[in-house]
Amino acid sequence: MKLLLASPLFLATGAWSMAALWFDGHASRSLAGLLAVGFALAALLILIRLRPLWYAAAAYGLLFGAVLVWWLSLPPSNDRGWQPDVARLPKATLEGDLLTIENVRNFAYRSETDFDEHWETRTYDLSKLRGADMFFSFWGSPLIAHTIASWEFEDGPPLAISIETRKEIGESYSAILGFFRQFELYYVVSDERDVVALRTNHRGEEVYLYRLKTPIPTARAVLLDYVRAINELAESPRWYNAFSHNCTTQIRRHVQHGAPRTPCSWKIRVNGYLPELGYERGPLDTSLPFEELRRESNITARAKASGGDPSFSDRLREGLPGERPERATRGADEARS
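Right, let's walk through the structure included here. What you are looking at is a predicted structure, and each value in this text was computed from that prediction instead of being measured.

Turning next to the overall build of the protein chain. The secondary structure content of the protein chain amounts to 13 helices and ten strands. The buried share among the 337 residues of the protein chain stands at 45%. Expressed as a percentage of contacts within the protein chain between residues at least 6 apart in sequence, the contacts between residues at least 24 apart total 65%. Split by element, the accessible area of the protein chain, about 16,800 Å² in all, is 59% carbon and sulfur. Side-chain charges in the protein chain split into 39 positive and 41 negative, and the spacing between the mean points of these groups amounts to 8 Å.

This paragraph deals with a nonpolar patch on the surface. A cluster of nonpolar side chains, namely Leu31, Leu34 and Leu35, defines an oily patch on the protein surface of about 260 Å² accessible area. With respect to the helices and strands, Leu31 occurs in helix 3 (residues 29-49).

We now examine the environment of Glu291. Summarising the element assignment, Glu291 is placed in helix 10 (residues 290-296). Relative accessible area serves as the criterion here: at 51%, Glu291 is assigned to the exposed category. Taking the C-alpha atoms as reference, Glu291 lies 39 Å from Glu102; in sequence the two are 189 residues apart.

So, on to the pattern of salt bridges. Per the stated rule, a full pass over the model turns up 22 salt bridges. A salt bridge links Arg110 to Asp114, with the shortest nitrogen-to-oxygen separation between them at 3.0 Å. Of the charged contacts in the structure, one is a salt bridge between Arg199 and Glu205, with a shortest N-O distance of 3.9 Å. Take Arg199 and Glu205: they sit in the same class, and that class is buried.

About the thresholds
Residues numbered from 1 in each chain as written. Predicted model: local features only at pLDDT ≥ 70, side-chain atom pairs only at ≥ 80, totals over all residues. Heavy atoms only, no water. Helix = DSSP H or I, 4+ residues; strand = E, 2+ residues; numbered from the N terminus. Buried < 20%, exposed > 50% of the residue type's maximum accessible area, 1.4 Å probe, protein only. Contact = heavy atoms within 4.5 Å. Areas by Shrake-Rupley, 256 points an atom, 1.4 Å probe, with all protein chains shown as cover. Lys, Arg positive; Asp, Glu negative; His and termini not counted. Charge placed at Lys NZ, Arg CZ, Asp CG, Glu CD. Patch = residues over 30% accessible without salt bridge, like charges linked within 9 Å, V, L, I, M, F, W, Y side chains within 5 Å. Salt bridge = Lys/Arg side-chain N within 4 Å of Asp/Glu carboxyl O.

Printed below as a string of structure tokens:
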């Protein structure tokens, strides 16, 4: 019995069940606490009193299974009192090569919580897609970053998409709560002046921008898979989960549609190492040693200097490693014509 009580499986499932009941069991903390304590007492009674031992193990399995089934049945919602920066859901339509997205966020920030709201409808010509980039934003440990995908076009500003939590008024993100059913999944579709400058200029985060050598057809396929997910969320909300459905694991799911042979790696979980993984596998520029590439890709200072400049995105990319040469070539061709 002591061995069973000390087994990793019992400890893990018991701790998770108590935490799930505590965080997700009820809006009232006192009632949620009673549910968690009640589970612990029931589990201990089962394992101590029931004989033979396999009866106890089976009964505990049923108890844990009941908690798991209940937890999985908790429904996400699109109808809550949302914070203003996630209040509107983006929606997209595609007609030929023209991708039109409603509710593109382009806020003007005076601070993280003081801003002017600007929700826009923008149209992107996919025939003029030039490539994709990836931002990595660090706010604490160098092991963990927030990832933002961005697509660059010839005739307009880039399209940035940040996969985040959809928080209600009064909520704040918690790394622990992110593992439970506390936040809905949300795709921030935005101008880079919003989603990037918010982090560098108002949250004090350190941001890196890496140019990707992704082929245009792959970049397009990944973007369209993002669009599919955006429209699905507008109809059927989903839960965010810090382990299985977060800013990086969702990106990998989208990339799998454009590059289905992309192998998995532990660096996807500890995503501060993702730039190194990209350097090893080829999507990043390898003309420089990695440490030099990383140093040159830090755009924090130039983002702070650029602020709300209309040329914000161009200024971020000036002189970055991996500059796409087709811009100059295309301009020369147009000049000759």
